[in-house]
Number of protein chains: 2
Amino acid sequence: MNAHLLTIGDELLIGQTTNTNAAWLGERLSRLGVQVERTVTVGDDPDTMRDELGRAVRQARLTVLTGGLGPTHDDVTRQVLADYFEAPLRTDDEILDRIRRYYERRGRQMPRSAPALAQVPEGFETLDNPVGAAVGLWFSGTLEGADRLVAVLPGIPQEMNGIFESAVEPRLRAEEDVHAVAHRTLVTSGIGESALQERLGDLSDLLGEELGLAYLPSTSGVRLRLTATNGDTAAAQNQLDRLEARIRERAGAHVIGTGDAELEEVLGRRLRAAGRTIASAESATGGLIGHRLTGVSGSSAYYEGSVVAYANRIKRSVLGVRADAIEEHGAVSEPVALQMAGGVREALDVDVGVATTGIAGPTGGTEEKPVGTVWLGYADGVGARAVRRQFVEDRTLNKELFATAALDLVRRRLEERTDEDDWIPR
Amino acid sequence: MNAHLLTIGDELLIGQTTNTNAAWLGERLSRLGVQVERTVTVGDDPDTMRDELGRAVRQARLTVLTGGLGPTHDDVTRQVLADYFEAPLRTDDEILDRIRRYYERRGRQMPRSAPALAQVPEGFETLDNPVGAAVGLWFSGTLEGADRLVAVLPGIPQEMNGIFESAVEPRLRAEEDVHAVAHRTLVTSGIGESALQERLGDLSDLLGEELGLAYLPSTSGVRLRLTATNGDTAAAQNQLDRLEARIRERAGAHVIGTGDAELEEVLGRRLRAAGRTIASAESATGGLIGHRLTGVSGSSAYYEGSVVAYANRIKRSVLGVRADAIEEHGAVSEPVALQMAGGVREALDVDVGVATTGIAGPTGGTEEKPVGTVWLGYADGVGARAVRRQFVEDRTLNKELFATAALDLVRRRLEERTDEDDWIPR
């Protein structure tokens with residue numbers, strides 16, 4: 001099945017809003033095995049919209065249109081559908097009732113423009129909105145001699161996503177020409193894209209027409225997207241299993257989970273399972289490790305607190321770093337990272353201390369310790385250790401990469417997967 | 001002048017990459033007064049690209065095409081241009097030399113595919129790339145009987161932005177039918193969109209056809225975009241001046257700067273100018289205040305450190321919060337916020353202490369203190385004070401909004417702009 005997307009909105013054309021709907025729909029449709037061939041964005045002008053709708057419907061079996069479904073005068077999508085499909089608008093009383101109740105439940109007056117939301121072009125089904133008041137619309141039938149599907153969704157991302165997942169996706173799966181592609185995502189951490197590629201080595205005996213592997217890097221790690229194109233079958237699952245097994249065999253210590261696993265969550269579960277508490281001593285990351293750990297709901301079960309010691313005197317006064325260590329080796333050094341990790345463990349009375357001291361940039365680099373250098377420290381009841389890593393030249397990226405590396409260090413200590421090799425900077 | 005954008009790339013269609021280029025170009029072109037009427041994304045297929053290029057050129061005076069300019073076999077843009085314009089590709093020796101030097105300077109071998117980057121269709125000018133190796137292309141001439149402009153840019157955002165700013169924008173400004181729109185952005189903080197709208201009140205004596213005002217909200221504040229449409233003239237500047245003066249008169253304490261001013265930077269400059277140092281005591285924000293303050297290069301001049309006291313016992317042991325205050329009023333309370341701010345000021349020996357204690361959610365809310373409740377504390381040599389604010393239901397948003405509110409509290413204390421009214425929750 002091929003598809004064209006039509007996203008409506010002046011705010012998209014003038015760059016006030018980035019078109020995340022097109023990316024989200026592109027990803028979801030591709031996963032279903034639907035080929036997105038074109039995305040078009042136009043403004044709220046009815047004539048232009050009708051032209052583009054006609055062009056999409058002529059060329060694609062599926063057209064997904066987003067935006068312009070609200071109640072204001074800019075929202076002309078319903079009228080355009082009525083014109084193009086020669087399908088008069090009628091008020092759907094059930095929907096009008098639902099909209100009325102939606103506002104009642106929230107204790108708000110129904111806006112005078114709300115009844116427009118209950119207007120449906122003849123021949124269209126309505127699609128329930130699990131999130132907001134506007135419903136989606138669905139057409140399935142013959143247009144200009146061909147079988148056509150048209151999904152019409154609100155432009156607000158949460159509403160669009162909700163209706164797509166609950167109502168559009170099931171309808172598409174029921175179509176004969178949708179042969180779902182089977183996907184699996186392995187989430188890795190603590191290793192860069194090229195180092196990971198080297199580790200995985202030659203995979204040509206597994207990869208090919210029917211099985212693909214994509215590297216999706218971000219500051220929190222590289223996600224590996226495995227795709228089997230011969231449908232969602234037992235054979236496809238078997239192919240994915242074999243590829244996953246190979247990846248885990250070669251880079252197992254770096255695979256932290258599947259799907260949308262996140263390092264902070266995986267680490268949180270480990271800490272919770274082990275009944276251990278954690279605190280961070282941060283210099284270069286400035287509080288980001290604490291911020292990321294507390295991004296997980298329920299983190300108070302294991303995360304106790306942090307000391308951000310940006311000034312060296314605070315490294316000494318609160319964390320007990322020795323002045324001679326800083327003088328002799330500099331603040332960005334192995335002994336300071338070790339003493340910070342041990343110091344926060346004692347100062348905040350926790351099981352595990354993790355520390356960062358580095359040069360995020362853009363200034364402060366030297367030949368010996370260029371921008372992007374970081375020492376990471378780890379301390380627990382058994383002992384302490386520090387590792388040096390070298391990252392990039394950008395301050396914002398470095399802070400994220402330092403924090404990710406520190407969190408990953410703790411994860412691997414907890415999993416006891418810290419073979420020497422893993423400690424080598426990427 | 002009207003414009004169509006044509007963004008090329010399979011990664012955009014399958015949602016692996018969000019189309020930020022379209023938004024960036026849309027914003028830049030709108031600012032120049034160019035009307036972007038349509039954005040089209042298609043994959044790397046030459047036939048489809050040629051069709052879409054033809055359609056854009058027929059309908060728009062300016063076509064901006066991005067992507068497909070690299071050296072690999074997926075990069076077919078040059079060939080498509082050569083076919084559509086019937087303009088054979090020739091190798092530009094000067095560019096080839098420059099590409100060779102580009103790799104030499106970086107100590108890297110020139111890839112065997114690099115000479116493709118020096119191929120230029122006849123009739124096109126080349127546009128220098130201040131960032132990377134690929135040059136841009138520019139056509140200005142008659143096509144199908146009409147005056148047409150075509151800009152062809154790489155898909156990598158930094159390169160696209162660099163070439164647009166240095167080479168495309170000046171060429172567009174020189175065109176007779178580009179009448180630049182005059183813009184001004186006022187950055188506000190510590191006030192929500194609707195509260196700000198109320199404060200500004202009726203502006204209809206100033207606003208109209210020639211002068212517009214847009215609210216652009218984010219978690220770090222609401223930006224106000226002022227637009228004068230009658231060209232970049234003295235009269236337009238005068239209109240903008242009058243509107244800016246009115247806004248400052250009515251919401252002055254909330255206006256923190258113009259252009260791309262950010263709260264952390266504005267606050268940093270204030271602290272530096274006053275010769276004061278700062279530290280944060282964070283509970284609900286988990287380190288985010290420290291993270292945001294240290295996002296600014298040079299922040300070590302005034303930011304000393306933070307104590308993240310997620311566990312109540314750390315509020316007591318490190319920050320000296322009294323146990324009876326927590327027992328009697330709860331951790332999210334005025335006395336605890338005050339004692340945290342004063343405590344971190346003493347513990348880290350700084351001039352200004354700022355504190356957050358709140359309920360980010362999704363759990364932990366009560367009827368009296370629902371999710372989104374935060375107490376912010378401030379302490380300096382003169383005294384301490386705390387304010388309660390109420391935000392939203394989302395954990396991630398709340399952490400950002402709590403941090404923004406805390407930073408803004410400090411800014412206004414330093415600017416001595418804390419009339420009682422400002423302390424009322426939005």
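Conventions and cut-offs
Residue positions are given per chain, counting from 1 as you read along its sequence in written order. Chains carry letters from A onward and ligands carry numbers from 1 onward, assigned in written order. Local features are withheld for residues below a pLDDT of 70 in this predicted model, meaning they are given only at 70 or higher, and side-chain atom pairs are given and counted only at 80 or more; totals for whole chains, interfaces and linings count all residues. Hydrogens and water molecules were not included; the side-chain quantities draw on all heavy atoms of the structure. Within this scheme a cavity is a closed region of a 1 Å grid, computed over the protein atoms alone, that accommodates a 1.4 Å probe without allowing it to escape, whereas a pocket is open but has protein on both sides within 12 Å along at least five of seven lines; lining residues each have an atom within 4 Å of a point. Grid points are joined across faces, edges and corners, and a volume is the space filled by probe spheres set on the points. Numbering of helices and strands runs from the N terminus, with a helix taken as a DSSP run of H or I at least four residues long and a strand as a DSSP run of E at least two residues long. When residues are grouped by polarity, Ala, Val, Leu, Ile, Met, Phe, Trp, Tyr, Cys and Pro land in nonpolar, Asp, Glu, Lys and Arg in charged, and all others, Gly among them, in polar. By definition, residues are in contact when any of their heavy atoms lie within 4.5 Å. By buried area we mean the combined loss of accessible area, with a 1.4 Å probe, across both parts when two parts are placed together. What counts as a salt bridge is simple: a side-chain nitrogen of Lys or Arg found within 4 Å of a carboxyl oxygen of Asp or Glu. Counting of polar contacts relies on pairs of N or O atoms within 3.5 Å, with two restrictions inside protein: one atom must be capable of donating a hydrogen and the other of accepting it, and residues adjacent in sequence are counted only when both atoms are side-chain atoms. Two strands pair under a simple rule: DSSP has to find at least two bridges between them. In superposing the copies, a least-squares fit is computed on C-alpha atoms, taking residues whose pLDDT is at least 70 in both. Angles here are taken between N-to-C directions and fall from 0 to 180 degrees, while the axes themselves are lines fitted to C-alpha atoms, restricted in helices to the stretch in contact. In this analysis, a patch consists of residues with relative accessible area above 30% that form no salt bridge, clustered at 9 Å for like charges and at 5 Å for the nonpolar side chains Val, Leu, Ile, Met, Phe, Trp and Tyr. Accessible areas in this description were obtained via Shrake-Rupley with a 1.4 Å probe; residue shielding takes into account the shown protein chains only. All tallies of charge rest on Lys and Arg as positive and Asp and Glu as negative; His and the ends of each chain are not included. Charge positions are represented by NZ for Lys, CZ for Arg, CG for Asp and CD for Glu. In this scheme, a residue with accessible area under 20% of its type's maximum is buried, one over 50% is exposed, and one in between is partly exposed, where area comes from a 1.4 Å probe on protein chains only. For the purposes of this section, nonpolar cores are sets of buried Ala, Val, Leu, Ile, Met, Phe, Trp, Tyr and Cys residues that join through side-chain atoms within 4.5 Å. We call a crossing left-handed when the near helix sits turned anticlockwise from the far one by less than a right angle, and right-handed when that turn is clockwise. To estimate how far a helix should extend, the number of its residues minus one is multiplied by 1.5 Å. One number per residue, pLDDT, summarises how confident the predictor is, and it ranges from 0 to 100.

What follows is about empty space enclosed by the protein. All told, the structure shown has three cavities of 30 Å³ or more when counted by the stated rule. A volume near 150 Å³ is recorded for the largest cavity. Lining the largest cavity are 15 residues, and of these Asn19 and Thr41 of chain A together with Asn19, Ala22 and Thr41 of chain B sit closest to its centre. Secondary structure elements with two or more residues in the lining of the largest cavity: α2 (20-31) and β2 (35-42) of chain A together with α2 (20-31) and β2 (35-42) of chain B. Tallied by class, residues from the lining of the largest cavity come to six nonpolar, nine polar and no charged.

As a further point, take the interface of chain B and chain A. Taken residue by residue, the interface counts 56 residues in chain B and 56 residues in chain A. Considering only the side of chain B, the residues that lose the most area to chain A are Leu13, His291 and Tyr310 of chain B, jointly responsible for 14% of the buried surface there. At the boundary of chain B and chain A, one finds six salt bridges. One salt bridge in this structure joins Glu52 of chain B and Arg38 of chain A, with 2.8 Å as the shortest N-O distance. Taken together, the links from chain B to chain A amount to 32 residue pairs in polar contact (both at pLDDT 80 or more). Listing elements by their share of the side of chain B that touches chain A, those giving two or more residues are α2, β2, α3 (46-59), α10 (288-293), β14 (303-309), α11 (312-317) and α14 (395-414) of chain B. Residues that form the side of chain B that touches chain A fall into these classes: 21 nonpolar, 24 polar and eleven charged. Where strand β14 (residues 303-309) of chain A meets β14 of chain B, five bridges bridge the pair, whose relative direction is antiparallel. Residue pairing across strands places Ala309 of chain A opposite Gly305 of chain B, the latter belonging to β14 of chain B.

Moving on, we come to the relation of the copies chain B and chain A. By a simple turn and slide, chain B fits onto chain A: the slide is 0.2 Å along the axis, the RMSD is 0.2 Å, and the turn is 180°. The superposition operator between the copies reduces to a two-fold rotation axis.

Residue and element names in this part refer to chain B. Here we have four strands laid out as an open sheet, ordered β10-β11-β9-β12, and antiparallel in their pairing. Each edge of the open sheet is held by one strand with a lone partner, namely β10 (211-218) and β12 (255-258). On average, each strand axis in the sheet is inclined to that of its neighbour by 25°, with strand direction left out of account. As paired strands, β10 and strand β11 (residues 221-228) are joined by eight bridges and run antiparallel to one another. Following the sheet pairing, Ala214 is matched in β11 by Arg225. Against the sheet, helix α7 (residues 193-200) engages β9 (182-188), β10 and β11, with an angle of about 150° to β10.

Residue and element names in this part refer to chain A. Taken together, the side chains of Arg101, Arg105, Arg106 and Arg108 present a region of like positive charge at the surface. Here Arg101 shows up in helix α5 (residues 93-105). Owing to a relative accessible area of 43%, Arg101 belongs among the partly exposed residues under this scheme.

Mapped onto the secondary structure, Gly252 of chain B falls in the loop between α8 (234-251) and β12. As for Gly252 of chain B and Thr188 of chain B, which are separated by 64 residues in sequence, their C-alpha atoms are 8.9 Å apart.

To continue, consider the nonpolar core. Judged by nonpolar contacts, the single largest core of 66 residues is most densely connected at Leu53 and Phe85 of chain A together with Leu53 and Phe85 of chain B. Residues in contact with Phe85 of chain B, not counting those within four places in the same chain, are Leu53, Phe124, Phe139, Leu143 and Val150 of chain B. With 36 residues, the next largest nonpolar core counts Ala309, Ala325 and Met340 of chain A together with Ala311 of chain B among its residues.

Glancing now at the packing of helix α9 (residues 263-274) of chain B against α14 of chain B. Residues and elements named next belong to chain B. One can describe the packing of α9 onto α14 by two numbers: an axis separation of 10 Å at closest approach and a directional angle of 35°. When the axes of α9 and α14 are compared, the crossing they make is left-handed. Residues Leu263, Glu264, Val266, Leu267, Arg270 and Leu271 of α9 touch α14, and the partners they reach there are Thr404, Leu407, Asp408, Val410, Arg411 and Leu414. Residue classes in the contact of α9 with α14 are distributed as seven nonpolar, one polar and four charged.

Once that is clear, we can look at the sheet that holds strand β9 (residues 182-188) of chain A. Hydrogen bonds along the backbone pair up the strands of a sheet, which may run parallel or antiparallel. Residue and element names in this part refer to chain A. Strand order in the open sheet formed by four strands is β10-β11-β9-β12, and the pairing between neighbours is antiparallel. Each edge of the open sheet carries a strand with a single partner, namely β10 (211-218) and β12 (255-258). Across the sheet, the mean angle from the axis of one strand to that of its neighbour is 25°, orientation sign disregarded. Bridge count for β9 against strand β11 (residues 221-228) is six bridges, and the pairing is antiparallel. Along β11, the bridge assignment pairs His183 with Thr227.

Attention now moves to α9 of chain B. Residues and elements named next belong to chain B. Helix length check: α9 (twelve residues) gives 16 Å between terminal C-alpha atoms against 16 Å at 1.5 Å per residue, within 8%. Those residues of α9 that sit buried are Leu263, Glu264, Val266, Leu267, Gly268 and Leu271. Lining the buried residues of α9 we find β12, β13 (278-282), α10 and α14. Just beyond α9, the residue with positive phi is Gly275, at close to 65°.

A word on a negative patch on the surface. A contiguous patch of negative charge on the surface is contributed by Asp10, Glu11, Asp45, Asp51 and Asp74 of chain A together with Glu37 of chain B. If you trace the backbone, Asp51 of chain A turns up in helix α3 (residues 46-59).

Here the structure, examined in full by the defined rule, presents 56 salt bridges over all chains. Close ionic contact of Arg248 of chain A with Glu244 of chain A constitutes a salt bridge, the shortest N to O distance being 2.9 Å. Placement of both Arg248 of chain A and Glu244 of chain A in helix α8 (residues 234-251) is noted, with a separation of four residues, approximately one turn of the helix. A relative accessible area of 35% places Arg248 of chain A in the partly exposed class. Looking at Glu244 of chain A, the relative accessible area reads 15%, which means it is buried. Of the charged contacts in the structure, one is a salt bridge between Arg246 of chain B and Asp205 of chain B, with a shortest N-O distance of 2.6 Å. Of this pair, Arg246 of chain B sits in helix α8 while Asp205 of chain B sits in the loop between α7 and β10, and the two are 41 residues apart along the sequence.

Turning to the confidence of the model for chain A, a few remarks are in order. All names here are of chain A. Residues of chain A with pLDDT of at least 70 account for 97%, and the chain-wide mean is 91. Ignoring residues within four places in sequence, the model shows residues 419-426, a span with pLDDT below 50, making 21 contacts including any to other chains. What the predictor reports for the complex is a pTM of 0.81 with an ipTM of 0.81.

We now examine the environment of Val181 of chain B. All names here are of chain B. Mapped onto the elements of the fold, Val181 is located in the loop between α6 (157-173) and β9. The class for Val181 is buried, based on a relative accessible area of 16%. Sequence-wise, Val181 and Ser30 are 151 residues apart; in three dimensions their C-alpha atoms are separated by 7.9 Å. Residues in contact with Val181, not counting those within four places in the same chain, are Ser30, Arg31, Leu32, Gly33, Thr227, Ala228 and Thr229.

Residues and elements named next belong to chain A. In the segment running from Gly361 into Pro362, the intervening peptide bond is cis, with an omega of 0°. Here Pro362 shows up in the loop between β15 (352-358) and β16 (373-379). In this structure, Glu86 takes a positive phi of about 45° despite not being glycine. Relative to the helices and strands, Glu86 is located in the loop between α4 (77-84) and β4 (89-91).

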